[in-house]
Every structure is written in C-alpha cells, then in structure tokens.
Amino acid sequence: MARIPHGGAERWAASALLALVLSLGTASFALAQDAPRPVKHTPDPRRQPLRHGPVLWYEADDAPSAVPDFAEPGIVPTAFNAFVSGPVSRFLHPGRFLRWVGGGDRARAAADINALDEVPGSTWFTNRLGMYSLTDDELTGGPAAGTPLVDGPDRSEPWLIIGAKTAGVTPGFRIRDGRGDVWLLKFDPPHHPGMSIRSGVVTGLLFHALGYNVPVDRLVSFDRADLRVQPGTTMKLMRGQKVALTEANLDSLLDATNSVFGGHYQALASRYLDGIPLGPFDNQGVRDDDSNDRINHQDRRSLRAVRVFGAWVNHFDTKMHNSLDMYVGPEGQGHVRHHLIDFASTLGTFGDQPVPRFGYEFGFDVFPMLGRTLALGLHEDPWVRVTQAEGLNEVGMFVADPFEPHKWKPDWPNTMMANLTDRDGYWAAKILSAFDDRQLRLVVEQGGYRNPASVDYLVATLAARRDAIVRHWFAKVPPLDYFQVTAEGLRFSDLAVEKGYADPAGRRYRYRLAAVDHERAGGQWTAWQETGDPLVPLAGAPALTREHPFLAVECQLWRDGRWSPSTTVYRSRQNGLIVALDR
C-alpha cells in the first residue's frame, strides 16, 4: 500500500520542483516517452468507412506467441516518469494542445473500440456488467464463480507455509493448499484490524464485475492448527535478510498481525495467477516482445477508464506495479493475459497511518502546494475534513462528500488515465450505472464486515459516488444508447431516464435522417422532427441506393435550454442492422 514520507509532501517540495525544472531541459526525451515504442495506431472508427459486415466484438489478441521476458521497472525510474517526464511530455505535446484549442479532448480517440463505440472483449477486458446481466453467484464469486476456489484455499489438509515476509506494513505468508494451489495470505495493519483485507476482497469483486482480469481474493478464517511450516522455509525481514521460519516464530508473527476475530485469525487469501509471471504492464507503449500487444496502452479505453472506476472506490494506488501480465498456456502455444492486482488500498483504507489527501492530490502535486503556500493558511483544502466514519473501525476514510469525479487523482500520475476522453468517461459511467444498490450490498457483504453498520455505510457511499460519477459523465455525453431496429422503427434508450438520473416528464428528443455512402456522406438530410418518445419511425425514411446504402439517423437531446451534441447511428441496406455509432 502506498505511503507518504513522514512530515508531508511540502517538506520535499523544493527538491521535487528542482527536478521538474531540470526535466524541462530534456523535453525532447520526455516527448519520446509519451509513446516509447512505435506501434500502428488504430484510427477512430468514426473515420473508418462504413461496412455491411458484423461489428467486431472480440479483439483477436490471443494468437500463439513466444514467452516474453520478465520485466519489472524499478520504483525510481517509474516515479520519475510518473511525476516528471510523463506530465512534461503531455504538457508540451503539440497534438494535445491543438485538440484542446479546437474544443475537443486533449487525447486522441481510444483505439480499442469497435464501430459501435464499445470495447470488444480481449486479453485485457471482458464485457460483463453493463452489457450482460450477472447472477448473484457471478457477482459474489468473481473469477472463482462456479469453481471450488470460491471457498478459498482447500482445507482437506493443513495449509503448508512455503514462504513468509515481515517487510512492509504487514506480514504475509505464501501457502500451498490441499489441491496444490499457491495462495498469499495478507493481513491488516496491526493498528487497523479488519480494514484492508475486507476492502481488498470487495474491490476485487467490483473490478471483476466491471470487466477486468483480477486474482481470486477471498476472505478466510482459520486457526493456528490449520497452518504447518514446510521444512527449510525462510522469511524475509525488513532489511532484506532471510532467516529460517519455524513453528515457534510463526506464533509470534501471527500474534503481531492483531487479526483475531471471534476467536479465529482472518486474512485475505489471494490465489497465485495461473501461468508464467512476466511482471507489470507499462501504462504507456506496448510490450515489445509480445506480438499480440499492438495498441499503445495509453490508447486503450479499458485502461483509461480505470481513472473513473478508481475514483469510484478511491483506488489511489494504481501505479503500474499493481498490474501483472501472465503467459497462459503451453510455452510457444500460449499468450499473454493482463491483470489488475492488489486492491487493499481502496475504499479509504491506508497503511499504518491515515492519509486524508488520497484521491484528492497526487503524492507530489505542485499547484495545490503552491496554492497553500500563497494562501498563507487562509484557504483550507476540502480533503482536510475527510475522516473515518465514527464508530466504524473497519471502514477507511471513504466519503461521498467532498467528492468531485473529474477532480479525483491517484497517488501517482498515470499516462493512461491522463488520456481519458469524454467518450471514455461516458463508457465507464454507463457500466457503473448498471450496478444497482442491491448488487452493491451483495458484493460488500463478501468482505465479512462484523458490524452491519459498516456494510450500510459502504453501500450508501458507493451508491452516492456512483451517482455523482454517472451524473457527471452523462452531462458530458448525451446518454442515448442501445439503438435497435423494431417493428415500430428505431428505438433507443435514454439511460439517464432509465437509471433514474433524469425526470422523463418533459424529456424531448429530435432526429433527422439521410441516405449516405461508405464515407458517411451523400444524401440530403430530412428536416428535424421532435418527439417525447425515444423512437425514430422509419416509415418514409430516405430510400437507400447502391451509391448510398446506409441510413444515417442523427439524434439529439434537449437539456439545459439547448440541444445536445449528436449521436448518429447507421443502418445497413444490405442486412438491415445497425453497423456503426458516432458520438
């Protein structure tokens, strides 16, 4: 879990500012870091010719490939790129400036999207909630649903400890269960028992439901008799040295965890991922030795959207080291699968000391620090009043107010998150809007909170933050979606109305139609027609011809005293299906 230096960020502001100034002299180098490896960028589908064929719903990125080399950048170069070279390169990038001056997003459009402005399934992302209904078992089981792993490590035999560490905020054990599976047992910080292990379980399930690859993380209760030490096992101490782990010093380690609840130890059991570990994936560029990795990571909507989902659960510790690539399948016949890991620093949890600024400022944030200096103490940052809920020791510093979705920040700046566009944010908010309060409660209950009031508080806070996020992005991009051809015509969903974020009374839409060619050009538009029903009658629509074989339907929403930007869909003359959507 992330920590800040004792004494606060301001004490090292001068040295960090000096590093920033020096980095300006290496601007050309920094610019290169924004896309460190040359890859072919997939153009925005809105610029691609219309086609009659089926829409792409799966990115074929699992072809057999050689096993890439393990790679894990050090913390120092990663931090320099996060806090210095990355922000400088984005600030000086001419394309970002020109797009911003032109009234658009600073970043170019995402590349991992299909013609309907959706993210296809891939080794990075699987469409789940928001695209399909999940059963309660799928929600609460996560990646373990439908398998024996849903119950955690197998208990047919005592768990065999094969490794241990005392470094970090909490100790941990690596165990092998009766099935032969290897798990990592994680404990809470001794001064905050029952906090991070529960949030880790809950947030892992939430991210799985959202569509990401995550480990199997389950809350487990066990007794001392359930553990055995494998002969020859060592434990790693604070300064890196190793000593033998024995049954005797195991007892002292367990006592130091302060993790006994109801007479039993509790921990988060995280199953080791299948395959060969390759290290974390970078938040920019591609993995050179993976032939399937063809899209810059900062251009993936599924990764950009982590900023939206991270804001929801306050997952501030999103640095690249909390991701992991695995090679799955026989060597030479398998492929790389990409995971997000370690969700213990979420829902307001922290290490051994509370840090209210998490989610509100970067670990080193120049402008807020300068503002505090210039304000001479006359201005108070909103996060200063963030505290733990009274009487709920299992819950971290997780609040619905203050919370502004577009101002949320991780602890380390992140290139892929910095490239989030309005269309990316809308896509993420649309998925979040599919999470109802009952489903939130089901997932939170998997954390095993001993106080029912903790569950109530977390469900209410998650729901309030979800609503704030959805309202923000639905205001940015008109939530007109899920167009389908029916016997009545072309019907669509106003998600703001359907999800309860807008009053259907007085809701107004307008539409117009045209016959267009493969380049979205050609025929004359009909006059605008207004309606209170999200339905476009197709009787009398412009005739489609060989030269103009697509029907374009442009829709707008009346709100805030004006018509919204357009959402345009295209229907094929050949198959009668919706083949593209532009926002």
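The sections below set out a description of the structure shown in this document. (Residues numbered from 1 in each chain as written. Predicted model: local features only at pLDDT ≥ 70, side-chain atom pairs only at ≥ 80, totals over all residues. Heavy atoms only, no water.)

1. Section: the environment of Thr-421
You can see Thr-421 is positioned in the loop between helix 11 (415-418) and helix 12 (422-432). Sequence separation of Thr-421 and Ala-110 is 311 residues, and the distance between their C-alpha atoms is 8.2 Å. Residue contacts for Thr-421: discarding those within four places in its chain leaves Asp-105, Ala-107, Arg-108, Arg-304 and Trp-473. (Helix = DSSP H or I, 4+ residues; strand = E, 2+ residues; numbered from the N terminus. Contact = heavy atoms within 4.5 Å.)

2. Some remarks on the pairing of strand 9 (residues 264-271)
Burial within strand 9 is extensive, with 7 of its 8 residues counted as buried. Relative to strand 9, strand 4 (residues 217-222) is paired through 6 bridges, and the arrangement is antiparallel. In the sheet register, Val-220 faces strand 9, and the bridge partner there is Ala-267. Where strand 8 (residues 260-261) meets strand 9, 2 bridges bridge the pair, whose relative direction is antiparallel. Across the sheet, the residue bridging to Val-260 is Tyr-265, located in strand 9. (Buried < 20%, exposed > 50% of the residue type's maximum accessible area, 1.4 Å probe, protein only. Pairing = 2+ DSSP bridges.)

3. Focus on the sheet that holds strand 11 (residues 323-328)
Strand order across the open sheet formed by 3 strands is 10-11-12, with antiparallel pairing between neighbours. A single partner strand is all that each edge strand has here, and the edge strands are strand 10 (276-279) and strand 12 (335-340). With direction set aside, neighbouring strand axes in the sheet form an average angle of 35 degrees. When strand 10 meets strand 11, the two strands line up antiparallel, connected through 3 bridges. Following the sheet pairing, Ile-276 is matched in strand 11 by Tyr-327. (Axes fitted to C-alpha atoms, helices over the stretch in contact; angles between N-to-C directions.)

4. Topic: a positive patch on the surface
Together, Arg-174, Arg-176, Lys-236 and Lys-242 make up a region of like positive charge exposed at the surface. The class of Arg-174 is partly exposed, set by a relative accessible area of 32%. (Patch = residues over 30% accessible without salt bridge, like charges linked within 9 Å, V, L, I, M, F, W, Y side chains within 5 Å. Areas by Shrake-Rupley, 256 points an atom, 1.4 Å probe, with all protein chains shown as cover. Salt bridge = Lys/Arg side-chain N within 4 Å of Asp/Glu carboxyl O. Lys, Arg positive; Asp, Glu negative; His and termini not counted. Charge placed at Lys NZ, Arg CZ, Asp CG, Glu CD.)

5. Here's the deal with the environment of Leu-535
Topologically, Leu-535 is positioned in strand 17 (residues 535-536). What Leu-535 contacts, discounting residues up to four positions off in sequence, is Glu-488, Gly-489, Leu-490, Arg-491, Phe-492 and Tyr-511.

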